[in-house]
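Structural characterization, general
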Amino acid sequence: LSSPLLSHTDLHIASSAAQSITSSLELSIQTRIFKIIVIGDSNVGKTCLTFRFTGGSFPDKTEATIGVDFREKAVEIEGETIKVQVWDTAGQERFRKSMVEHYYRNVHAVVFVYDVTKMASFRNLQTWIEECNGHRVSASVPRVLVGNKCDLVDQIQVPSNMALKFADSHNMLLFETSAKDPRESQNVDSIFMSLACRLKAQKSLLYRDVEREDGRVRLTQETETKSNCPC
Ligand SMILES: Nc1nc2c(ncn2[C@@H]2O[C@H](COP(=O)(O)OP(=O)(O)OP(=O)(O)O)[C@@H](O)[C@H]2O)c(=O)[nH]1
Ligand SMILES: [Mg+2]
């Protein structure tokens with residue numbers, strides 16, 4: 001009789017190795033990236049807001065963004081680490097025109113920014129929304145509205161109720177905040193975190209649609225009832 005090719009111990013080692021490969025594969029599959037673009041007139045503070053979220057501070061000096069700057073931050077939501085990839089876009093037409101297609105390709109969420117001290121930047125939101133819609137961004141892609149520079153209290157031109165009405169009519173949440181004021185930093189974080197939470201909820205619903213049980217695939221009725229998302 002020939003001896004078995006693999007002993008019991010060998011089999012055990014092989015099965016542990018297979019398990020660890022599977023779990024590292026699952027980990028890499030689970031690291032998801034959410035692409036969030038920040039859009040609005042030049043000088044409204046898009047670079048400062050994205051800097052505040054990813055770097056935790058207000059930049060001493062900024063220059064007009066050319067094309068796009070990428071900023072990333074890993075956040076943890078319900079035990080899952082997610083990479084939030086923020087696309088800080090250029091507001092000036094000459095610095096953005098060759099990039100616009102790239103901004104909107106496979107975007108997961110959109111942040112529209114205006115400057116509360118500049119009515120023109122609020123009025124121009126309509127044009128930014130039209131550009132976004134013109135690039136076939138699905139209605140299921142969440143959008144939020146941000147009124148920045150609230151620290152300049154004496155110079156406010158855009159009343160909150162006007163902004164709220166506009167946000168409501170476009171099915172967006174409104175955040176009024178300041179990238180400059182350190183007391184507002186949590187509020188700035190919540191702009192991006194609220195979007196990441198919504199995206200996670202949407203995506204995990206998709207993942208949960210199919211569940212294996214007894215080797216068969218079945219649809220589940222599970223929804224987001226278990227969510228303990230902070231937002
Ligand atoms: N007071 C105040 N100033 C701000 C705030 N955010 C940005 N700024 C200032 O506004 C100016 C423009 O900020 P940026 O972040 O560069 O503007 P942007 O929207 O990125 O502009 P583009 O890159 O040209 O599209 C800078 O001088 C900032 O210091 C804020 O919350 N409060
Ligand atoms: Mg900029």
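Coordinates for the structure precede this section.
Model, not experiment: these values are computed from the prediction.

Right, let's talk about the overall build of the chain for a bit. Counting its regular elements, the chain contains 8 helices and 8 strands. Within the chain, buried positions represent 40% of all 231 residues. Contacts spanning at least 24 positions in sequence make up 71% of the contacts within the chain whose residues lie at least 6 apart. Split by element, the accessible area of the chain, about 13700 Å² in all, is 53% carbon and sulfur.

This next bit is on the coordination of the magnesium ion (ligand 2). All of the protein donors around the magnesium ion (ligand 2) are T47 (OG1) and T65 (OG1); their distances to the metal are 2.0 Å. Placement of the pair is T47 in helix 2 (residues 46-55) and T65 in the loop between helix 2 and strand 2 (68-77), with a sequence separation of 18 residues. The buried category is assigned to T65, whose relative accessible area is 10%.

Moving on, we come to the packing of aromatic side chains. Tallying each qualifying case throughout the model produces 4 aromatic pairs. Judged by centre distance (4.5 Å) and plane angle (20 degrees), the ring pair of F53 and F192 falls under stacked. Of the two residues, F53 is situated in helix 2 and F192 in helix 8 (residues 185-208); the sequence distance between them amounts to 139 residues. Between F70 and W87, the aromatic rings sit 4.6 Å apart at their centres with planes inclined by 90 degrees, giving edge-to-face as the arrangement. Separated by 17 residues along the polypeptide, F70 in strand 2 and W87 in strand 3 (residues 80-89) bring together distant segments of the chain. On the basis of relative accessible area, W87 is assigned to the buried category, the value being 10%. Taken together, the aromatic side chains of Y114, F122 and F166 make up a single cluster linked through ring pairs. Stacked on the ring of W87, the Lys or Arg K35 has its end atom at 3.7 Å from the ring centre. The ring of F53 has K73 sitting right over it, with the charged end atom 4.5 Å from the ring centre.

Pairing is mixed in the open sheet, where 6 strands are placed in the order 2-3-1-4-5-6. In the strand order of this sheet, the two ends are held by strand 2 and strand 6 (173-176), each with one partner. Averaged over all pairs of adjacent strands, the angle between strand axes in this sheet comes to 25 degrees, irrespective of strand direction. Sheet strands touched by helix 6 (residues 125-134): strand 1 (32-40), strand 4 (109-115) and strand 5 (143-148). Its angle to strand 4, the strand with the most contacts, is close to 165 degrees. Packing of helix 7 (residues 160-169) onto the sheet brings it into contact with strand 4, strand 5 and strand 6, and relative to strand 6 it is tilted by some 150 degrees.

Surrounding ligand 1, one finds 21 residues, the nearest of these being S42, K46, T62, G91 and D151. At a separation of 2.9 Å, an oxygen atom of ligand 1 approaches a polar backbone atom of N43. Within the side chain of K46, an N or O atom sits 2.7 Å from an oxygen atom of ligand 1. Burial of ligand 1 by the protein amounts to 87% of the accessible area it has alone, namely 650 Å². Of all the elements, helix 2 adds the most residues to the shell around ligand 1, at 3 residues. Here the residues of the shell around ligand 1 are counted per class, giving 7 nonpolar, 9 polar and 5 charged.

What follows is about the pairing of strand 5. Taken across its 6 residues, strand 5 has 6 buried, putting it largely inside the fold. Residues R143, L145 and G147 point to one face of strand 5 and V144, V146 and N148 to the other, with burial holding for every one of them. Strand direction decides the pairing type here: strand 5 and strand 6, joined by 4 bridges, are parallel. Each bridged residue has a counterpart across the sheet, and for V146 the counterpart in strand 6 is F175. The parallel pair strand 5 and strand 6 is bridged by helix 7, and the resulting crossover is right-handed.

Before going further, it helps to examine the pattern of salt bridges. Considering all chains together, one arrives at 8 salt bridges under this definition. A salt bridge links R71 to D88, with the shortest nitrogen-to-oxygen separation between them at 3.0 Å. Of this pair, R71 sits in strand 2 while D88 sits in strand 3, and the two are 17 residues apart along the sequence. An identical accessibility class is assigned to R71 and D88; each is buried. Within this structure, R32, E78, E80 and K200 form a network of salt bridges that share partners.

Scoring rules and cut-offs
Every chain's residues receive numbers from 1 upward, in the order its sequence appears when written. The order in which chains are written sets their letters, starting at A; the order in which ligands are written sets their numbers, starting at 1. Owing to the predicted nature of the model, reporting of local features is limited to residues with pLDDT of at least 70; listing and counting of side-chain atom pairs is limited to 80 or more, with chain, interface and lining totals taken over all residues. Derived side-chain values reflect all non-hydrogen atoms in the structure, with water molecules and hydrogen atoms excluded from consideration. The secondary structure listing takes helices from DSSP runs of H or I that are at least 4 residues long and strands from runs of E that are at least 2 residues long, numbered from the N terminus. Here the term buried applies to any residue with accessible area under 20% of the maximum for its type, exposed to any over 50%, and partly exposed to those in between, with areas from a 1.4 Å probe on protein chains only. Here, two residues are considered to be in contact whenever any of their heavy atoms come within 4.5 Å of each other. The method behind every accessible area is Shrake-Rupley, applied with a 1.4 Å probe, and residues are considered shielded solely by the protein chains displayed. Only N, O and S atoms count as donors, using a 2.8 Å cut-off from the metal and 3.2 Å for Na, K and Ca, and because water is excluded some sites may appear unfinished. Working definition: rings of Phe, Tyr and Trp (its six-membered ring) pair if their centres are within 6.5 Å, and the pair is stacked with planes under 30 degrees apart, edge-to-face with planes over 60 apart, and tilted otherwise. A positively charged side chain is recorded as over a ring if its NZ (Lys) or CZ (Arg) lies within 6 Å of the ring centre. The angle to the ring normal must also be within 35 degrees. Paired strands are those between which DSSP finds at least two bridges. Every axis corresponds to a line fitted to the C-alpha atoms, with the helix fit spanning only the stretch in contact, and the corresponding angles, defined between N-to-C directions, vary from 0 to 180 degrees. Distances are taken per atom, and a residue is near a molecule or strand as soon as one of its heavy atoms is within 4 Å of it. In protein, a polar contact requires one atom able to donate a hydrogen and another able to accept it; more generally it is a pair of N or O atoms within 3.5 Å, and residues adjacent in sequence count only if both atoms are side-chain atoms. When residues are sorted by character, Ala, Val, Leu, Ile, Met, Phe, Trp, Tyr, Cys and Pro go into the nonpolar class, Asp, Glu, Lys and Arg into the charged class, and all the rest, Gly among them, into the polar class. Viewed with both strands pointing away, a crossover whose connecting path from the first strand over the helix to the second turns clockwise is right-handed. The rule for a salt bridge is simple: a side-chain nitrogen of Lys or Arg has to be within 4 Å of a carboxyl oxygen of Asp or Glu.

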